[in-house]
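As a plain string of letters, each chain reads:
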Amino acid sequence: MGRIIAVVNQKGGVGKTTSAVNLTAALHDLGLKVLLVDFDPQANATSGMGVDKRKIKYSVYDVTINNVPAQQAIVKTSFGDVLPASADLAGATVELIGAEHRECQLDMALKDIKSDYDLIFIDCPPSLELLTLNGLCAADSILVPVQCEYYALEGLSDLMATLRMVKRKLNPRLEIFGVALTMFDGRTNFSTQVAQEVRRHFPGKVFAAVIPRNVRLAEAPSHGIPVTHYDRSSRGSKAYLAMAEEIKAKL
């Protein structure tokens, strides 16, 4: 049975989708069978994996709202499998409000395919709303990207409160799988100080590999290619490959 990890942080611009895409590709390269579920209406993870949003027949919206089997919506790529998102997902929150077990629709949709994969990543929206709640209810654990900047820890207390609530009321198996330090700038003492503070808040949970600020990481999405395939020798690529090794070891 595969493990489901929700990549979540309610702050935008922390490297959440970048981490989901590149860890999917890196772990796929390490021989694991990996699925990336794009559960963000912006659908950036879908395009980042090289999938054309305009040409997909079914999306995760159809799977969660219209009861289309997940297997029919999955797109296979050279970097791993993708359950793509589309613009329709933006309206899913409204449609889910009146649904029975509204927090568990994604969980129910993934049950039939969970055993087909070693690992399933869910790229959640940058907010603590119903779509993210669905991601947390479907997951066994969460991966939290935290940028090494001034507001890094702001809002993490809200995320941890939500995590405790979901664990208590909806998903008792939910735990923190790991915390990923992103956008690290080794030229500044401040990045180092933030990294130390995050490690103090999450003892034993922070990955040793740190994701640096890197031009290649920023360029890769525009080509629809994970950085591990866009420029394997870049600092960003090497960091995600090292983090993937850590994740494989923890699994």
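Please refer to the structure placed before this passage.
Attention in this report is confined to the structure presented alongside it.

Reading guide: rules and limits
Residues numbered from 1 in each chain as written. Predicted model: local features only at pLDDT ≥ 70, side-chain atom pairs only at ≥ 80, totals over all residues. Heavy atoms only, no water. Core = buried A, V, L, I, M, F, W, Y, C linked by side-chain atoms within 4.5 Å. Buried < 20%, exposed > 50% of the residue type's maximum accessible area, 1.4 Å probe, protein only. Helix = DSSP H or I, 4+ residues; strand = E, 2+ residues; numbered from the N terminus. Contact = heavy atoms within 4.5 Å. 1 Å grid on protein atoms, 1.4 Å probe; cavity = no way out; pocket = protein on both sides within 12 Å on 5 of 7 lines; lining within 4 Å. Points joined across faces, edges and corners; volume = space filled by probe spheres on them. Nonpolar A, V, L, I, M, F, W, Y, C, P; charged D, E, K, R; others polar. Pairing = 2+ DSSP bridges. Right-handed = clockwise from strand over helix to strand, strands pointing away. Patch = residues over 30% accessible without salt bridge, like charges linked within 9 Å, V, L, I, M, F, W, Y side chains within 5 Å. Areas by Shrake-Rupley, 256 points an atom, 1.4 Å probe, with all protein chains shown as cover. Salt bridge = Lys/Arg side-chain N within 4 Å of Asp/Glu carboxyl O. Axes fitted to C-alpha atoms, helices over the stretch in contact; angles between N-to-C directions. Parallel < 35°, antiparallel > 145°, perpendicular 65-115°, else oblique. Left-handed = near helix turned anticlockwise from the far one by under 90°. Expected span 1.5 Å × (residues − 1).

1. Some thoughts on the nonpolar core
Right, on to step 1. Val-37, Leu-83, Leu-110, Ile-122 and Ile-142 are the most contacted members of the largest nonpolar core, which has 53 residues in total.
Right, on to step 2. In terms of residue count, the dominant contributor to this core is helix α7 (residues 130-138) (six residues).
Right, on to step 3. In contact with Val-37, other than residues within four places in its own chain, are Val-60, Leu-83, Leu-106, Leu-110, Ile-120, Phe-121, Ile-122 and Asp-123.

2. Thoughts on the layout of surface pockets
Right, on to step 1. Taken as a whole, the largest pocket holds about 520 Å³ of empty space.
Right, on to step 2. Lining the largest pocket are 30 residues, with Gly-15, Lys-16, Thr-17, Thr-18 and Met-183 positioned closest to its centre.
Right, on to step 3. Of all elements in the fold, only α1 (16-29), α2 (44-48) and α10 (215-219) reach the threshold of two or more residues within the lining of the largest pocket.
Right, on to step 4. The element that contributes the greatest number of residues to the lining of the largest pocket is α1, accounting for five residues.
Right, on to step 5. Of the voids in this model, the second largest pocket is the one considered here, and its volume is about 170 Å³.
Right, on to step 6. If you trace the second largest pocket, you find it lined by Val-63, Thr-64, Asn-67, Val-68, Pro-69, Ala-70, Gln-71, Gln-105, Met-108, Ala-109, Asp-112 and Ile-113.
Right, on to step 7. Of all the elements in the fold, those that place two or more residues in the lining of the second largest pocket are α3 (60-65), α4 (70-73) and α6 (105-110).
Right, on to step 8. Counting residues per element, the lining of the second largest pocket draws most heavily on α6, which supplies three residues.
Right, on to step 9. Within the lining of the second largest pocket, the residues separate by chemical class into seven nonpolar, four polar and one charged.

3. Topic: the pairing of strand β7 (residues 175-182)
Right, on to step 1. Among the eight residues of β7, seven are classified as buried, and the element is accordingly described as predominantly covered.
Right, on to step 2. Taken together, the seven bridges between strand β6 (residues 141-147) and β7 define a ladder with parallel strand orientation. Paired with Ser-141 across the bridge in β7 is Glu-175.
Right, on to step 3. For the segment spanning β6, helix α8 (residues 156-169) and β7, crossover handedness is right-handed.

4. What to know about a nonpolar patch on the surface
Right, on to step 1. Taken together, the side chains of Tyr-150, Tyr-151 and Phe-190 make up a nonpolar region of the molecular surface, amounting to roughly 370 Å² of accessible area.
Right, on to step 2. Its place among the elements puts Tyr-150 in the loop between β6 and α8.

5. A look at the packing of α7 against α8
Right, on to step 1. Closest axis-to-axis distance for the α7/α8 pair is 10 Å, and the angle between their directions is 55°. In terms of orientation, α7 and α8 fall into the oblique class. Crossing of α7 against α8: the hand is right-handed. Listed contacts from α8 to Leu-133, Leu-136 and Cys-137 of α7 are Thr-162, Met-165 and Val-166.

6. Focus: the sheet that holds strand β5 (residues 119-123)
Right, on to step 1. Overall, mixed pairing links the seven strands, which are arranged β3-β4-β2-β5-β1-β6-β7 in an open sheet. What marks the edges here is a single partner per strand, and that holds for β3 (75-77) and β7. Within the sheet, the average angular offset between the axes of one strand and its neighbour, ignoring direction, is 25°.
Right, on to step 2. Contacting β5, β6 and β7, helix α12 (residues 235-250) runs over the sheet at an angle of about 170° to β7.

7. Quick look at the pairing of β6
Right, on to step 1. Most of β6 is tucked away, with seven of its seven residues classed as buried.
Right, on to step 2. Side chains Ser-141, Leu-143, Pro-145 and Gln-147 of β6 all project onto a buried face; the interleaved residues Ile-142, Val-144 and Val-146 project onto the opposite face, where all are buried too.

8. Let's talk about α12
Right, on to step 1. The terminal C-alpha atoms of α12 lie 23 Å apart, and with 16 residues this matches the ideal 22 Å at 1.5 Å per residue to within 8%.
Right, on to step 2. Those residues of α12 that fall on the buried side of the exposure criterion are Gly-236, Ser-237, Ala-239, Tyr-240, Leu-241, Met-243, Ala-244 and Ile-247.

9. Thoughts on the packing of α1 against α12
Right, on to step 1. Axis separation between α1 and α12 bottoms out at 9 Å; the angle between their running directions is 70°. Relative to α12, the element α1 is oriented roughly perpendicular. The interaxial crossing formed by α1 with α12 has right-handed handedness. Between α1, through Thr-18, Ser-19, Asn-22, Leu-23, Ala-26 and Leu-27, and α12, the contact on the second element is made entirely by Tyr-240, Leu-241, Met-243, Ala-244, Ile-247 and Lys-248.
Right, on to step 2. The residue inventory of the contact of α1 with α12, partitioned by class, reads eight nonpolar, three polar and one charged.

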